[in-house]
2 protein chains.
Amino acid sequence: MTSHGSKTARNGLRLKRLGIDTHDEAVIYMRKDCHICRAEGFTAHARVRVRANGNSIIATLNTTTDGMLAQGQASLSESAWIRLGVAEGDPIYVEHPSPVDSLGHVRAKIYGHTLTDPEMNEILTDIVAGRYSDIQLSSFITACSARGLNQTEVIGLTRAMVDVGKRLDWGVSPIVDKHCVGGLPGNRTTPIIVPIVACCGLMMPKTSSRAITSPAGTADTMETLAPVELSLADLRRVVEKEGGCIAWGGAADLSPVDDILIRVERALDIDSEGQMVASVLSKKAAAGATHLVLDLPIGPTAKVRSRQDAASLGESLLTTAAALDINAHVVETDGTQPVGRGIGPALEAWNVLAVLQNEADAPQDLRERAVLLAGSLLESAGRAAAGEGSAMAGEVLSSGRAWAKFQAICDAQGGMRTPPRSKFQEIIPAPASGSVVRIDNRRLSRAAKLAGAPEDKAAGLVMACRLGQRVTKGEPLVTLHADSKGELNYALDYFRNHPQTIEIGTEDA
Amino acid sequence: MTSHGSKTARNGLRLKRLGIDTHDEAVIYMRKDCHICRAEGFTAHARVRVRANGNSIIATLNTTTDGMLAQGQASLSESAWIRLGVAEGDPIYVEHPSPVDSLGHVRAKIYGHTLTDPEMNEILTDIVAGRYSDIQLSSFITACSARGLNQTEVIGLTRAMVDVGKRLDWGVSPIVDKHCVGGLPGNRTTPIIVPIVACCGLMMPKTSSRAITSPAGTADTMETLAPVELSLADLRRVVEKEGGCIAWGGAADLSPVDDILIRVERALDIDSEGQMVASVLSKKAAAGATHLVLDLPIGPTAKVRSRQDAASLGESLLTTAAALDINAHVVETDGTQPVGRGIGPALEAWNVLAVLQNEADAPQDLRERAVLLAGSLLESAGRAAAGEGSAMAGEVLSSGRAWAKFQAICDAQGGMRTPPRSKFQEIIPAPASGSVVRIDNRRLSRAAKLAGAPEDKAAGLVMACRLGQRVTKGEPLVTLHADSKGELNYALDYFRNHPQTIEIGTEDA
């Protein structure tokens, strides 16, 4: 008995909270001269298993020499602290982690092996349990992008992503959902579609991602209008009360692995087809969707550049959706320029409000797109006859019923908010007179990100021109919005160095 | 003037040393409520540029909340501290980093683009300057492994690796060198070859790597016999005095990017052909080699599994060497079982000493291999007639001259050491009587690593059997060596769970 007790004591350390925020990377801080580091041969950057409160995680070791920690003390990064559910002074136990066997599957994928369903499941189970370091996560994502995923692997990845998270069962059908295969700034139709279809009696428990490589995701925009980090219980309550919600998928723990992968994809600025399909459909399947409309904008600087690419991606989406028992259909849309005027979370939210409130100067392209997609859902879910969905959706919007429903949803999610306004603005003037002949969506997104979006909700830009429009030299093309002078200047410099972001075709008089 | 001064003051923070060791990952610690974080929109895990003392690095931001840092203070991880050459109280300046443009080349590689020489150079210049995060390094390595590198890319990568580091010029020719394309535990011929060829008047400034995925690299083994972290000046002094050295390449700053890549490759446990060729030859070119012998062990559980694979790898090595003006040749050797008896830094060092001292029980396979490779170098560099190199090398070894030279080299490197002995040993007995029919090099390496090698220099294992040998049930097959009970048990468990590590073929009586 004594020997057991002393063994535990020997390996136990008491937690001291240092309050170091490493984002979601789990780090443990231990003294370099700690008896456990010496006994177990742990050195800086080792991966170690940390047990506390009956939970366990794998963390990266950082060692300390300068008295931050007393003998017998250790600390954890804030995300690890929360994940283990520990408190100041709690005992923790540190040991060598078992080898992460699923890394063998990642290596096999690097060298061209096709991943089976059980292999995908093992990988994602380890990822969601925090057993992969950033280096290993990056390798998995890069290998899947470089080698590509075949249709069977995409289905396997999607199913595995659903399996390692929670899944909602609404007990009714249809459950409708909508997704846009990004790449088009300002295309924020979701907060308009949800209230429209909810008004027509369809149930739409919409969960959205935050931005991956774009200046705003629907969750980022919606967060400026209402809380989006709903627990599963809250999400269910909102949807059962109002028929719809517009929430962040990560907080509901639907497809939790997706948020881990998205963080790494964002650092790499990659987002490849198989992962995109799995990311989209795992969220839909986990949310219990039975009917789904997919918006595929096509344009030279959109994510989908040609009708051929749209056909290939559309097929992968439809095949994977069918394997998950989701009735999906694809709507190809114009992707040659941004939708609406704002680019950035709050700036897009103002456009959404203008459409819902039927304001005279509301962006008509945003309105038309939302009506088209909502109409398509109404038809496929049997609420409208073929060809009559758009008319029904348009009528619900014009009548003000969609706006009332949107306010009710925001209230149910925790209360409506006013989107923030930026501290600094600056106009980009037209360098010459002529007509707008080309708009580069990617460069506009880049500029909006340099201005601070999506981290700064009020940052981004507002378009003052559209394709084909005639402009006079000096007239505004774009207004930049930022919360710091540094970021404003960064975006300004970008426009100066990339005049081809918005191209003006000049003619001889 | 005042406004300039105040701007600098506003952005300046004073360094406080917290002594946090993150290995070589650069981390900056700043208060979450610091005015710079707020003004610049920095959040945890952001990548920021840190300037001090006229140097600059890119670091990952960790934010703190709990009073570790006072207002106006910041800290750096130990490696970043050393890299910037700062002292307690020094001012540092923190800003948004410029975009790392070469990441576009990495993305292009992921999607199948072939990397040009200038693109390789841009990537490696950014890596060596610390501009890549672990996630980005991992993506580059994985992309090169998954997509493969064609011969032009391998040459481009090798040249770029040489270009971003220092390069030695000895002012004489020939400069000989040797490399074994790993995967074979115990194959520690370098410390025997260097003194042999140095005795014959050849100059061999040998720099070696530490282990990548193996339980010991030559630098790890040699470090148990003498200091290996020689500065360039020391390395030159040793070689000019004794004709040879056995040093760690990283300390000499030859091909510094290689050590960064190796750390990530180790975390991923991958080591693919193009990167291996570049890693090997960049070190040789940087060390000024003109003549090179390459040992390619072939066996089912060696790195090179077949003669075809050896032919392909050999050709890539020879083509790349030729592009770098190195006269290389390849010696194919037996890779079906470990060389010598020890596996692990110190255990291999004892075998090296036994061969150099002509002890009666010295491992003959290790001796023969060293003599073969040394002989090959003597011939190619014109010191021995064709077919007479091995005899010359054998005579130098038997005469004790190689042993005397080895001691002189160790003295010149800083003083000869006695390799450490492990604290715990345990025998793995033969599970049955019969003969040894198969030995799995990879599993033996894995077991030696679980026992603590290469971090614990004394850890690893000693083979008590060879292929074809008859053993009686209960007789030792292997002796495990470890410095902690935990690691000893870990290796023991591995042998229990993997009886096929050493297979005994039993016969009916």
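Residues numbered from 1 in each chain as written. Chains lettered and ligands numbered in written order. Predicted model: local features only at pLDDT ≥ 70, side-chain atom pairs only at ≥ 80, totals over all residues. Heavy atoms only, no water.

Trainee: What is the right way to look at the UniProt feature "domain: Pyrimidine nucleoside phosphorylase C-terminal" (unreviewed entry) in chain A in this model?
Mentor: What UniProt calls "domain: Pyrimidine nucleoside phosphorylase C-terminal" (unreviewed entry) maps, in this numbering, to residues 435-502 of chain A. The annotated region residues 435-502 of chain A carries 34% helix and 28% strand content, and the separation between its end C-alpha atoms amounts to 10 Å. (UniProt positions renumbered as here; feature names shortened; annotations may be inferred. Helix = DSSP H or I, 4+ residues; strand = E, 2+ residues; numbered from the N terminus.)

Trainee: Just checking my understanding: could you explain the relation of the copies chain B and chain A for this structure?
Mentor: A rotation about some axis, followed by a shift along it, carries one copy of the chain onto the other. Placing chain B over chain A gives an RMSD of 0.1 Å and needs a rotation angle of 179°, together with 0.0 Å of translation along the axis. The transformation relating the two chain copies, once decomposed into turn and shift, fits a two-fold axis. (Least-squares fit on C-alpha atoms with pLDDT ≥ 70 in both.)

Trainee: I keep staring at helix α15 (residues 364-380) of chain B and nothing clicks. Help me out?
Mentor: Quick reminder: α-helices carry 3.6 residues per turn. Residues three or four places apart thus point the same way. In this model α15(B) runs 24 Å from its N-terminal to its C-terminal C-alpha over 17 residues, within 8% of the 24 Å that 1.5 Å per residue would give. Positioned one or two residues after α15(B), Gly382(B) has a phi angle of 80°, which is positive. (Expected span 1.5 Å × (residues − 1).)

Trainee: Is there a simple way to think about unusual backbone geometry in this case?
Mentor: The bulk of non-glycine residues show a negative phi, and the bulk of peptide bonds are trans. That bond from Ala453(A) to Pro454(A) is cis: its omega, 0°, falls within 30 degrees of zero. Mapped onto the elements, Pro454(A) comes out in the loop between α18 (441-450) and β16 (460-463). Note that the residue after Ser173(B), namely Pro174(B), is joined by a cis bond; omega there is 0°. With respect to the secondary-structure elements, Pro174(B) resides in the loop between α7 (151-163) and β8 (176-180). Phi angles above zero are rare outside glycine, and His23(B) is one such case at about 65°. Along the chain, His23(B) turns up in the loop between β2 (20-21) and β3 (27-31).

Trainee: Honestly, the pairing of strand β11 (residues 291-298) of chain B in this entry has me stumped. Any pointers?
Mentor: Residues in a regular strand project their side chains so that they alternate between the two faces of the sheet. All names here are of chain B. Across the eight residues that make up β11, a large majority, eight, are buried. Across the two faces of β11 the burial is the same, with His291, Val293, Asp295 and Pro297 and Leu292, Leu294, Leu296 and Ile298 all buried. In this structure, β8 lies alongside β11, joined through five bridges in parallel fashion. Paired with Val176 across the strands is His291, a residue of β11. Bridge count for β11 against strand β12 (residues 327-334) is eight bridges, and the pairing is parallel. Residue pairing in the sheet places Pro297 in a bridge with Thr333 of β12. Considered for its hand, the β-α-β crossover made up of β11, helix α13 (residues 307-323) and β12 is right-handed. (Buried < 20%, exposed > 50% of the residue type's maximum accessible area, 1.4 Å probe, protein only. Pairing = 2+ DSSP bridges. Right-handed = clockwise from strand over helix to strand, strands pointing away.)

Trainee: What is the right way to look at the pattern of salt bridges in this model?
Mentor: Pairs can form between side chains of opposite charge once their charged atoms are near each other. Using the criterion set out here, one finds 56 salt bridges over all chains in the structure. Of the charged contacts in the structure, one is a salt bridge between Arg236(B) and Glu240(B), with a shortest N-O distance of 3.8 Å. Taken together, the positions of Arg236(B) and Glu240(B), both in helix α10 (residues 232-242) and four residues apart, correspond to about one turn of that helix. Two residues, Asp258(B) and Lys283(B), come together in a salt bridge whose shortest N-O distance is 3.0 Å. Of this pair, Asp258(B) sits in helix α11 (residues 256-268) while Lys283(B) sits in helix α12 (residues 273-286); the two residues are 25 residues apart in sequence, bridging distant segments of the chain. Residue classification places Asp258(B) among the buried positions, given a relative accessible area of 3%. With relative accessibility at 4%, the residue Lys283(B) sits in the buried group. What you see here is one network of salt bridges that share partners, running through Arg210(A), Asp220(A), Glu223(A), Glu229(A) and Lys457(A). (Salt bridge = Lys/Arg side-chain N within 4 Å of Asp/Glu carboxyl O.)

Trainee: It is not clear to me how the packing of helix α11 (residues 256-268) of chain A against helix α6 (residues 134-147) of chain B should be interpreted in this structure. Could you clarify?
Mentor: A pair of packed helices can be characterised by two numbers: the angle between their axes and the separation between those axes. Running from N to C, α11(A) and α6(B) cross one another at 80°; their axes reach a closest spacing of 9 Å. Here α6(B) runs roughly perpendicular to α11(A), going by the angle between their axes. Packed against α11(A), whose contacting residues are Arg263(A), Val264(A), Ala267(A) and Leu268(A), the element α6(B) presents Ile135(B), Gln136(B) and Ser139(B) at the interface. (Axes fitted to C-alpha atoms, helices over the stretch in contact; angles between N-to-C directions. Parallel < 35°, antiparallel > 145°, perpendicular 65-115°, else oblique. Contact = heavy atoms within 4.5 Å.)

Trainee: I'm lost on the domain arrangement of chain A in this one. Help?
Mentor: By a widely used convention, the size of an interface equals the accessible area lost when the partners come together. Residue and element names in this part refer to chain A. Assigned domains within chain A: domain 1 (2-95), domain 2 (103-148), domain 3 (176-252 + 280-413) and domain 4 (424-505). The interface is formed by five residues belonging to domain 1 together with seven residues belonging to domain 2. Carbon and sulfur atoms make up 39% of the surface buried where domain 1 meets domain 2, a total of about 480 Å² over both sides. For the domain 1 face of the interface with domain 2, the top three residues by lost area are Arg47, Ile58 and Arg83, together amounting to 69%. At the junction of domain 1 with domain 2, the criterion picks out three residue pairs in polar contact (both at pLDDT 80 or more). Along the lines of polarity and charge, the residues of the side of domain 1 that touches domain 2 split into one nonpolar, no polar and four charged. (Domains from an automatic or database assignment. Buried area = accessible area lost by both parts, 1.4 Å probe. Polar contact = N/O pair within 3.5 Å; in protein donor to acceptor, adjacent residues only side chain to side chain. Nonpolar A, V, L, I, M, F, W, Y, C, P; charged D, E, K, R; others polar.)

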